[in-house]
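Residue-level structure breakdown
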Amino acid sequence: MNNTIQRTAVLTGATSDRGIGITTARRYASHGWAVVILDLDGEKSAKVATDIGNEFNVPAYGHEIDVASEESVNAAYRAVAAEVRSGNLPPVGALANIAGITSPVAFLETTLELWNKVMAVNSTGTYLVTKAFLPDMIASGWGRIVNMSSVSAQRGGGVFGKVPYSAAKAAILGFTKALAREIGSTGVTVNAITPGAVDTNIRVGSTDEQEAAINAGIPVGRNASTEEIAAVITFLSSEESAYLTGTTIDINGGSHIH
Ligand SMILES: NC(=O)c1ccc[n+]([C@@H]2O[C@H](COP(=O)([O-])OP(=O)(O)OC[C@H]3O[C@@H](n4cnc5c(N)ncnc54)[C@H](O)[C@@H]3O)[C@@H](O)[C@H]2O)c1
């Protein structure tokens, strides 16, 4: 699983203190990957990257990105590409599209603005960032793209996020499958993961009752740790995963068995 030919893993949504992204970035680095941290706050992204780079002795770089903005995504891509060209980072080998937001608003109370925002960050963001970073991976003949969906896409919510979140995360599954098919011969794989409840800050504002109801629906009886999600993302980025493409890997403690 070690990144023997040194490559860079680019992660979006990887500065949240208890988030999946930061844990995944640390895991990539622990396997010898250089890491790029892209998140809304550029300073925080740079700091997280520096800390991880120092801890694991790998090249690391952070830059701001709003994954919902084409302009911002392209600016982040250009900054990363310049780091690669100047030799500060090895070529980009993996992209983990982790940035996301959820929303617990009941359907009839949703607004078009909320719908658009949830779709923009989760699904359009995955589209824009992939479109920016994919050409270099294809040119190098090797790449791994891992897209963050959710069990909510498969079972119609039931964790915390409601209709817009389920729809946005379901779009990511179709995106993943169609892109995997289209670029299958290029050496770049495209896969999705569908975590159930993970112990992070994303459900800030949820009540104890809501959390108890979530755990009651999980045969394993608890949330996933961020490490358990990161392990699957880094496996899907490894050499050994070359024959997995277009798949969806469930990481849900049995909360959705199908
Ligand atoms: N925690 C869960 O239970 C769970 C379950 C399934 C899927 N997921 C998904 O995993 C991903 C990470 O979730 P988390 O629980 O670590 O959440 P989190 O809220 O801790 O982290 C989300 C990160 O995305 C970033 N982000 C938000 N909007 C952005 C934008 N427009 N541009 C760039 N970055 C942006 C945030 O700044 C943050 O760092 C999300 O896509 C989420 O939907 C989470």
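Cut-offs and rules
Residues numbered from 1 in each chain as written. Predicted model: local features only at pLDDT ≥ 70, side-chain atom pairs only at ≥ 80, totals over all residues. Heavy atoms only, no water. Near = heavy atom within 4 Å. Polar contact = N/O pair within 3.5 Å; in protein donor to acceptor, adjacent residues only side chain to side chain. Areas by Shrake-Rupley, 256 points an atom, 1.4 Å probe, with all protein chains shown as cover. Nonpolar A, V, L, I, M, F, W, Y, C, P; charged D, E, K, R; others polar. Axes fitted to C-alpha atoms, helices over the stretch in contact; angles between N-to-C directions. Helix = DSSP H or I, 4+ residues; strand = E, 2+ residues; numbered from the N terminus. Parallel < 35°, antiparallel > 145°, perpendicular 65-115°, else oblique. Left-handed = near helix turned anticlockwise from the far one by under 90°. Contact = heavy atoms within 4.5 Å. Core = buried A, V, L, I, M, F, W, Y, C linked by side-chain atoms within 4.5 Å. Buried < 20%, exposed > 50% of the residue type's maximum accessible area, 1.4 Å probe, protein only. Phe/Tyr/Trp six-rings, centres within 6.5 Å; stacked < 30°, edge-to-face > 60°. Lys NZ or Arg CZ within 6 Å of the ring centre and 35° of its normal. Pairing = 2+ DSSP bridges. Right-handed = clockwise from strand over helix to strand, strands pointing away. Salt bridge = Lys/Arg side-chain N within 4 Å of Asp/Glu carboxyl O.

The subject of this paragraph is the site of the ligand. Around the ligand, 27 residues are found, and the nearest of them are Ser-16, Asp-39, Tyr-165, Val-198 and Thr-200. Within the backbone of Ile-20, an N or O atom sits 2.8 Å from an oxygen atom of the ligand. Computed on the free molecule, the ligand has an accessible area of 820 Å², of which 91% lies beneath the protein chains in the complex. For the shell around the ligand, the residue count by class is 14 nonpolar, nine polar and four charged.

Packing of helix 3 (residues 70–85) against helix 4 (residues 112–140) brings their axes to within 9 Å, and their N-to-C directions diverge by 30°. On the basis of the axis angle, helix 3 is roughly parallel to helix 4. Here helix 3 runs over helix 4; the crossing is right-handed. In contact with Glu-70, Val-73, Asn-74, Tyr-77 and Val-80 of helix 3, helix 4 contributes Leu-128, Val-129, Ala-132, Phe-133 and Asp-136. In the contact of helix 3 with helix 4, the residues fall into seven nonpolar, one polar and two charged.

So, about the nonpolar core. With 29 residues, the main nonpolar core has Leu-11, Tyr-28, Ile-193, Ile-229 and Ile-233 as its most contacted residues. Secondary structure elements with two or more residues in this core: strand 1 (8–12), helix 1 (20–30), strand 2 (34–39), helix 2 (42–56), strand 4 (92–97), strand 5 (143–148) and helix 8 (226–235). Among all residues touching Leu-11, those that are not within four sequence positions of it are Gly-21, Thr-24, Ala-25, Tyr-28, Val-35, Val-36, Ile-37, Leu-38, Ala-96 and Ile-98. Core analysis: the second largest hydrophobic core is formed by 28 residues, Val-10, Met-137, Leu-179 and Ile-183 among them.

To continue, consider the packing of aromatic side chains. According to the stated counting rule, one finds three aromatic pairs in the structure shown. Look at Trp-33 and Trp-142: their rings are 6.4 Å apart centre to centre, the planes differ by 40°, and that puts the pair in the tilted class. Here Trp-33, found in the loop between helix 1 and strand 2, pairs with Trp-142, found in the loop between helix 4 and strand 5; they are 109 residues apart in sequence, far enough to count as distant. Look at Trp-33 and you get buried, because its relative accessible area is 3%. By relative accessible area, Trp-142 is classed as buried at 12%. Geometrically, the ring pair formed by Tyr-77 and Phe-133 is edge-to-face, given 5.2 Å between the ring centres and 85° between the ring planes. With Tyr-77 in helix 3 and Phe-133 in helix 4, the pair connects residues that are 56 residues apart, well separated along the chain. Put simply, the rings of Tyr-28, Trp-33 and Trp-142 touch in pairs and so form one group of aromatic residues. The side chain of Arg-144 reaches across the aromatic face of Trp-142, ending 4.1 Å from its centre.

This part takes up the sheet that holds strand 5. One open sheet holds the seven strands; their spatial order is 3-2-1-4-5-6-7, and the pairing between them is parallel. Each edge of the open sheet carries a strand with a single partner, namely strand 3 (60–64) and strand 7 (248–251). Recorded for the sheet is a direction-independent mean angle of 20° between the axes of neighbouring strands. As judged from the five bridges shared by strand 1 and strand 4, these two strands associate in the parallel manner.

To continue, consider the pairing of strand 5. For strand 5, a buried count of six out of six residues is recorded, marking the element as mostly surrounded by other parts of the structure. Going residue by residue along strand 5, you find Gly-143, Ile-145 and Asn-147 tucked away on one face and Arg-144, Val-146 and Met-148 tucked away on the opposite face as well. Sheet topology note: the strand 4/strand 5 ladder contains four bridges and is parallel. Opposite Ala-96, over in strand 5, you have Val-146 as the bridge partner. You can see the chain leave strand 4, run along helix 4 and come back into strand 5, and the turn it takes is right-handed. Here strand 5 runs beside strand 6 (residues 188–195); their pairing, made up of six bridges, is parallel. Along strand 6, the bridge assignment pairs Asn-147 with Ala-192.

Before going further, it helps to spend a moment on the environment of Ala-96. Along the polypeptide, Ala-96 turns up in strand 4. Ala-96 gets classed as buried once you look at its relative accessible area, which sits at 0%. Here the alpha-carbon distance between Ala-96 and Ala-9, two residues 87 residues apart in the chain, equals 7.4 Å.

What follows deals with the pattern of salt bridges. Considering all chains together, one arrives at seven salt bridges under this definition. Across the salt bridge formed by Arg-7 and Glu-239, the nearest N and O atoms sit 3.0 Å from each other. Remark: Glu-239 occurs in the loop between helix 8 and strand 7 and Arg-7 occurs in the segment before strand 1; sequence separation between them is 232 residues. Look at Arg-7 and you get buried, because its relative accessible area is 11%. Across the salt bridge formed by Arg-222 and Glu-228, the nearest N and O atoms sit 2.9 Å from each other.

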